[in-house]
2 protein chains.
Amino acid sequence: MLAEEIKKYTNKQLAALAEELRREIVEKVKDCGGHLSSNLGAVELTLALHKVFDFPKDKLIFDVGHQSYAHKLITGRDLSALRKKGGASGFPDPEESVYDPFVAGHSGTSIGLGIGYCAARDFAGGGEKVVCLIGDASLGNGAALESIFSSEQKPKNFVVVLNDNGMSINKNNSALFRAISKATAKKRYRKINSFFSKKFKETSAFGRTLRRIKYSVKGWLNKNYFFERCGFKYVGPVNGHDLSELVAVLQNIRSIEDPVLLHVVTQKGRGYLAAEADPSRYHGVGKDFSSGKNTFSEALGEHLCSLAEIDKKIVAVTAAMTDGAGLCGFAKKFPERIFDAGICESYAVAMAAGMAKGGVKPVVCIYSTFLQRAYDQIVHDVCISSLPVLFCVDRAGFVGADGKTHQGLFDISFLRNIPNLSVYAPKDARELRDTIDFALEEGRPAAVRYPNGVCPDLGGTQKIGKNCLWEVLSEGETVVLACGARAVARAADAQKLCGKSVMLVNCRTVKPLDEKLLLSVKDRQIYTFEEGYADGGFGSAVAEFYAERGIPARLRIVGAENAFVPHAAADEQAESAGLSARAFADILEGKEHE
Amino acid sequence: MLAEEIKKYTNKQLAALAEELRREIVEKVKDCGGHLSSNLGAVELTLALHKVFDFPKDKLIFDVGHQSYAHKLITGRDLSALRKKGGASGFPDPEESVYDPFVAGHSGTSIGLGIGYCAARDFAGGGEKVVCLIGDASLGNGAALESIFSSEQKPKNFVVVLNDNGMSINKNNSALFRAISKATAKKRYRKINSFFSKKFKETSAFGRTLRRIKYSVKGWLNKNYFFERCGFKYVGPVNGHDLSELVAVLQNIRSIEDPVLLHVVTQKGRGYLAAEADPSRYHGVGKDFSSGKNTFSEALGEHLCSLAEIDKKIVAVTAAMTDGAGLCGFAKKFPERIFDAGICESYAVAMAAGMAKGGVKPVVCIYSTFLQRAYDQIVHDVCISSLPVLFCVDRAGFVGADGKTHQGLFDISFLRNIPNLSVYAPKDARELRDTIDFALEEGRPAAVRYPNGVCPDLGGTQKIGKNCLWEVLSEGETVVLACGARAVARAADAQKLCGKSVMLVNCRTVKPLDEKLLLSVKDRQIYTFEEGYADGGFGSAVAEFYAERGIPARLRIVGAENAFVPHAAADEQAESAGLSARAFADILEGKEHE
């Protein structure tokens, strides 16, 4: 295992390996898509950590895991099918390697995980070191801040490495960034640093002594009270691309027991010129560095722009997803009317509630999986007071390559139980626009869910309205209630595959249900079809409808089975979950095998 | 309205009113129960705010609302039926008064709400001031920290009043407390302050000038970089019981446009000696200042103690609810094995995941309503990796006097859709103990939900086990599947009321369901009964079970209708929601009116 071998490498050998890893990362991401900029930025840091610490006995806990590719490569993972079915995950995963103690696809929890692990270690009397690697953007997340501020005493043998590429937070004009970066600005240190670096080679004994002096000078100059008050010894800032500096500092840190926050400054996209020049563009990319095409996100962005031109009260709110949510055009056109909260979904939703109370019309665009972090605010701050906030729940359903940490399979069930909240699932981009118009007109809390990727226009002629909730797409005896873009498209395909004429209904409102339609078909065989967990999902709502009225309906619910779904193409995920058009056709024909 | 009149009051008159309000608060809380300590601490601060600001045109946004009674009294609310059915809510509520812009029962969102409101106001060109009142404990919540750190520019005409009673945070040994309190420790200021206060009366022109000088001196001495970096002018600390100081400072603040953080130091329980001496004891109390009796919480605490004596790996985790969750005994007995994260549920759950990975057995005790703030961590950090964390979900079902912000009606639906998580609902304290034993033995993620209040022992003889999920309590043709302590108790009562012999089943596992039992009764008339929203709830799981198998069951789901339920006794809430024993008996007899 490379991770073992590099412990004997000289810094020069490490630097050569870094270049090799970089080439491989670029190549693999070019082939498979993935996170490029952040991974390129963390190569030397990863090597230095592995040289100095004794993983997997010591624990390396990634936050988000956007920077784990180099770690994956040197711990024996093959990235040639990165993020593809059966290939390596794009994120750390204990099922993949003992070098990954935790999964990490969402921000902010690494420090909490680390503190908890240390508590358990100390109970057991273990001596392993625990290292959390967190980016500057993630540090602004509430869960991270809670764990940083929770106690003025942090565990022993606990190191938090702040990988500060200054990007996300700086862009967001964050107060946290100022607090952190105060130290970095110290010019005196830079001068001293460069003096030491130039004059003495690290290999000489004198050089090593001087290095030690250098770091104490640095520590003295750069005392960062922000972290010191949180119970850390603050060390930094360190150049995250200077292997000899990194290794020396980490060796010092490893030799002491005190909890340390090591501030490392890196460059996003390092070593790949295009990514260095435009790291945001290369943050997460598809094959051949393409930007993924997302029919719904794009339609949303365009439609919001046209609406916002007419209605001055419309504003957009995101949580670090301006690009992914399709809002770049909006941001350019209405820079004063877009609010990017950073990776702070709780704050984003509370802010939107405040805006709605103040009379503007906030449209909150957050991915399904990240909206889980604002559940309490949706209930407590938006829905109890029935404030007109419109949630655009992007990446709902199977998300494809991002895999199990990012699936949008929970939202129907966690949203539809909230009083005062309407939940919509338009079947195509055209209907998304109509639904947004309808929801804004209603002036009450609403959530519109839609998937990523390319989705076709599915036709249909009945515009959604108060008296036109669901849309009948075809007539037949057997009733298929399909909910959401992909389910409607696949149900239509299934219909063709099985040659059965069915009454295909586009159930674009999860809440309210179309009660009139449900009553009119109550004596017929009904199938519900959705891309979400069946547990508490759309079909479940239909079952409740009949059961609450004591109607013994012949109802068959078809939804995702209750298991975490790993990375693969979204279509493959649907297939594995038994939700392909073929599988549904079999169910319609009574041919399925339980 | 008193709130209008006091604008003309002298500080002496205000002080007299403060004493009057205090007496009334003590009296009303003695009669009705409620939050005592925090409300007594905020009386002068409330009066000073109302004297200086122009509410309701200016907005007063409470965080949590544990300190809103004085505000309620002077804005015309009658507290004689405080927290009782039809009486005033224990929390701010726009439905109750225009003086309350938002509901506030959960921590951390006031600043986000305020920032959002200011954005809307600035769009509209409004000039009103926005004042957020937040306690020191709430400031440590992730949503609050996100909003504080989000941007280095805060809105104009925006004031955050930090009501620092030093209690909760200090006790929690918080890093945030150190950051905040650094300024307070400045002895020099105290001396100057007392010099000015003694020498000159505020009424003289010279006195007023001196006051101004005093505050600039104070500002210079107490510059708090923590808040300054977050875009606030920091003012303080101010004695929160000195009306003339408060009014003068607030008048200064009102006269400027800059965003201000005003740090006010108050004493919890102020003016009521017993509460001053033991503010925690008097934080939230019942009638006659009694501590509420909670059968399940107490049983949990006792049982955890006995388990922890034998199994050294058991640890308890709470989020500022050691007392409420029944863990005081545990905390006393095992001070090293209880982890109170403060009002930081996200961090608490992430920490527990880390602990479980490290080999200890964390039991996380969080109220149902607050667990909403850790939804993402339950999914992402605990359940994806199937880490053995046991969630004790207290206050599940109707919570009674705390009302709509605190109802535990969502948990069944938001928990049962999470893969790898078992969900249990024991019917009484004895069964809670068995369930905890069972869940710990299973060694996988599990949640046990139970209500507050006094719950009887319901008998039963079949211990929960892998092959004994549900328990049949009585035999009969009609099947009643009751889930949870109160539902089982009421179903048993309903059975007596209607004189019908039913097969009453104690459905103590929401997930997994007892499939064998469900199949054995599939041809009979079935009723499900639960205290939670029907939407996605337990009955819904039963409906899914049959519908996924194409079984046209005769199933009637009885659960709470999808609406927010205001304060009242828990029994009254059940009655209003149509979930009383009488109502259920009517349903069993087919006598109900839709």
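This text gives an overview of the structure that appears in the document. (Residues numbered from 1 in each chain as written. Chains lettered and ligands numbered in written order. Predicted model: local features only at pLDDT ≥ 70, side-chain atom pairs only at ≥ 80, totals over all residues. Heavy atoms only, no water.)

### Overview of the environment of A:Gly116
At step 1: In this fold, A:Gly116 is placed in helix α6 (residues 110-124).
At step 2: The spacing of A:Gly116 and A:Leu458 is 342 residues in sequence and 49 Å in space, taken between C-alpha atoms. (Helix = DSSP H or I, 4+ residues; strand = E, 2+ residues; numbered from the N terminus.)

### Some thoughts on the sheet that holds strand β4 (residues 158-164) of chain A
All names here are of chain A.
At step 1: Spatially, five strands are ordered β2-β3-β4-β6-β5 in an open sheet, and the strand pairing comes out parallel. The strands lining the two open edges of the sheet, one partner per strand, are β2 (59-62) and β5 (233-239). Looking at each pair of strands side by side, their axes are set apart by 20° on average, direction ignored.
At step 2: Of the strand pairs in this sheet, β4 and strand β6 (residues 260-265) are connected by six bridges, and their pairing is parallel. Bridge pairing links Asp164 to Val265 in β6.
At step 3: Each of β2, β3 (130-135) and β4 touches α6; the most contacted strand, β3, lies at about 175° to it. (Pairing = 2+ DSSP bridges. Axes fitted to C-alpha atoms, helices over the stretch in contact; angles between N-to-C directions. Contact = heavy atoms within 4.5 Å.)

### Brief notes about the relation of the copies chain B and chain A
At step 1: For these two chains of identical sequence, chain B goes onto chain A by a turn of 180° and a shift of 0.0 Å along the axis, with RMSD 0.0 Å. Both chain copies can therefore be described as sitting about a two-fold axis.
At step 2: When you check the interface residues of chain B against chain A, 100% turn up at the interface there too, and the contact is symmetric in its surfaces. (Least-squares fit on C-alpha atoms with pLDDT ≥ 70 in both.)

### As for the packing of aromatic side chains
At step 1: For the coordinates displayed, the defined rule picks out 42 aromatic pairs over all chains.
At step 2: Summarising the aromatic geometry, the rings of A:Phe410 and A:Phe564 are spaced 6.4 Å apart at their centres and angled 45° between planes, so their arrangement reads as tilted. Taken as a pair, A:Phe410 in the loop between β11 (390-394) and α21 (411-416) and A:Phe564 in the loop between β19 (554-560) and α26 (570-576) lie far apart in primary sequence, 154 residues in all.
At step 3: Overall, the relative accessible area of 3% leaves A:Phe410 in the buried class.
At step 4: Ring geometry for B:Tyr282 versus B:Phe289: centroids 5.8 Å apart, planes at 70°, classification edge-to-face.
At step 5: Aromatic ring contacts, followed pair by pair, group A:Tyr375, A:Phe410, A:Phe414, A:Tyr533, A:Phe564, B:Tyr375, B:Phe410, B:Phe414, B:Tyr533 and B:Phe564 into a single cluster.
At step 6: Over the ring of A:Tyr282 we find A:Arg281; its NZ or CZ atom is 4.7 Å from the centre of that ring.
At step 7: Taking NZ or CZ as reference, A:Arg337 lies 4.7 Å from the ring centre of A:Phe334, over its face. (Phe/Tyr/Trp six-rings, centres within 6.5 Å; stacked < 30°, edge-to-face > 60°. Buried < 20%, exposed > 50% of the residue type's maximum accessible area, 1.4 Å probe, protein only. Lys NZ or Arg CZ within 6 Å of the ring centre and 35° of its normal.)

### Some words on the packing of helix α16 (residues 295-310) of chain A against helix α22 (residues 429-442) of chain A
For any two helices packed against each other, the geometry is given by the interaxial angle and the distance between the axes.
Residues and elements named next belong to chain A.
At step 1: Between α16 and α22, the shortest axis-to-axis distance is 9 Å and the interhelical angle comes to 45°. By the angle between their axes, α16 is oblique relative to α22. In this structure, α16 crosses over α22, and the sense of that crossing is right-handed. In this structure, α16 uses Thr295, Phe296, Ala299, Leu300, His303 and Leu307 to contact α22, whose residues at the interface are Ala429, Leu432, Arg433, Ile436, Asp437 and Leu440. (Parallel < 35°, antiparallel > 145°, perpendicular 65-115°, else oblique. Left-handed = near helix turned anticlockwise from the far one by under 90°.)

### Re the state of the cysteines
Residues and elements named next belong to chain B.
At step 1: One pass over the structure, following the stated rule, counts zero disulfides over all chains.
At step 2: The thiol of Cys305 is unpaired, and the distance to the nearest cysteine sulfur, on Cys328, comes to 10 Å.
At step 3: Its relative accessible area of 11% is what places Cys305 among the buried residues. (Disulfide = S-S within 2.5 Å.)

### Examining the pairing of β6(A)
Residues and elements named next belong to chain A.
At step 1: Most of β6 is tucked away, with five of its six residues classed as buried.
At step 2: The pairing of β5 with β6 spans five bridges and is classified as parallel. Residue pairing for β6: Tyr234 is matched across the bridge by Leu261.

### Some thoughts on unusual backbone geometry
At step 1: Going from A:Phe55 to A:Pro56, the amide bond is cis rather than trans, its omega being 5°.
At step 2: You can see A:Pro56 is positioned in the loop between α4 (43-52) and β2.
At step 3: Here the bond from B:Gly236 into B:Pro237 is cis, since omega is -5°, no more than 30 degrees from zero.
At step 4: Mapped onto the elements, B:Pro237 comes out in strand β5 (residues 233-239).
At step 5: Even without being a glycine, A:Asn420 presents a positive backbone phi close to 75°.
At step 6: With relative accessibility at 27%, the residue A:Asn420 sits in the partly exposed group.
At step 7: At B:Arg83, a position not held by glycine, the phi torsion is positive, near 65°.
At step 8: Within the secondary structure, B:Arg83 is located in the loop between α5 (69-74) and α6 (110-124).

### A few points about the interface of chain B and chain A
At step 1: Contact residues are listed per partner, giving 103 residues for chain B and 103 residues for chain A.
At step 2: Across the interface of chain B and chain A, roughly 8400 Å² is buried in total on both sides, 63% from carbon and sulfur atoms.
At step 3: Between the two partners, chain B and chain A, sit two salt bridges.
At step 4: Note that B:Arg373 is salt-bridged to A:Asp376, the shortest N-O span being 3.4 Å.
At step 5: At the boundary of chain B with chain A, the tally comes to 35 residue pairs in polar contact (both at pLDDT 80 or more). (Buried area = accessible area lost by both parts, 1.4 Å probe. Salt bridge = Lys/Arg side-chain N within 4 Å of Asp/Glu carboxyl O. Polar contact = N/O pair within 3.5 Å; in protein donor to acceptor, adjacent residues only side chain to side chain.)

### Looking at the sheet that holds strand β15 (residues 478-483) of chain B
All names here are of chain B.
At step 1: Taken in spatial order, the five strands line up as β14-β16-β15-β18-β19 in an open sheet, and their pairing is mixed. Looking at strand neighbours, the two that pair on one side only are β14 (471-474) and β19 (554-560), the edges of this open sheet. The average undirected angle you get between the axes of adjacent strands in this sheet is 25°.
At step 2: Across six bridges, strand β18 (residues 525-533) lies against β19 in parallel orientation. By the bridge assignment, Ile526 is partnered in β19 with Leu555.
At step 3: This element, helix α27 (residues 581-589), spans β15, β18 and β19 of the sheet and lies at about 155° to β18.

### Quick look at the side chain of A:Arg373
At step 1: By the secondary structure assignment, A:Arg373 is in the loop between α19 (368-371) and α20 (375-383).
At step 2: For A:Arg373, a relative accessible area of 8% puts it in the buried group.
At step 3: The residues touching A:Arg373, leaving out its near neighbours within four places in the chain, are A:His106, A:Ser107, A:Asn141, A:Ile343, A:Glu345, A:Ser346, B:Asp376 and B:Gln377.

### A few points about the pattern of salt bridges
Residue and element names in this part refer to chain A.
At step 1: This structure, assessed with the given rule, holds 76 salt bridges over all chains.
At step 2: Taking the shortest distance from any N to any O, the salt bridge between Glu531 and Arg486 comes out at 2.6 Å. On the criterion of sequence distance, the pair formed by Glu531 in strand β18 (residues 525-533) and Arg486 in helix α23 (residues 485-498) is long-range, its members being 45 residues apart. The same class applies to Glu531 and to Arg486, which are both buried.
At step 3: The shortest N-O distance in the salt bridge between Arg490 and Glu531 comes to 2.9 Å. Residue Arg490 is found in helix α23, and its partner Glu531 is found in strand β18; the two are separated by 41 residues along the sequence.
At step 4: Owing to a relative accessible area of 10%, Arg490 belongs among the buried residues under this scheme.
At step 5: The exposure class of Glu531 is buried, given its relative accessible area of 5%.
At step 6: In this structure, a network of salt bridges that share partners links the residues Lys72, Arg77, Glu96 and Asp100.

Shape descriptors only; they carry no functional weight alone.
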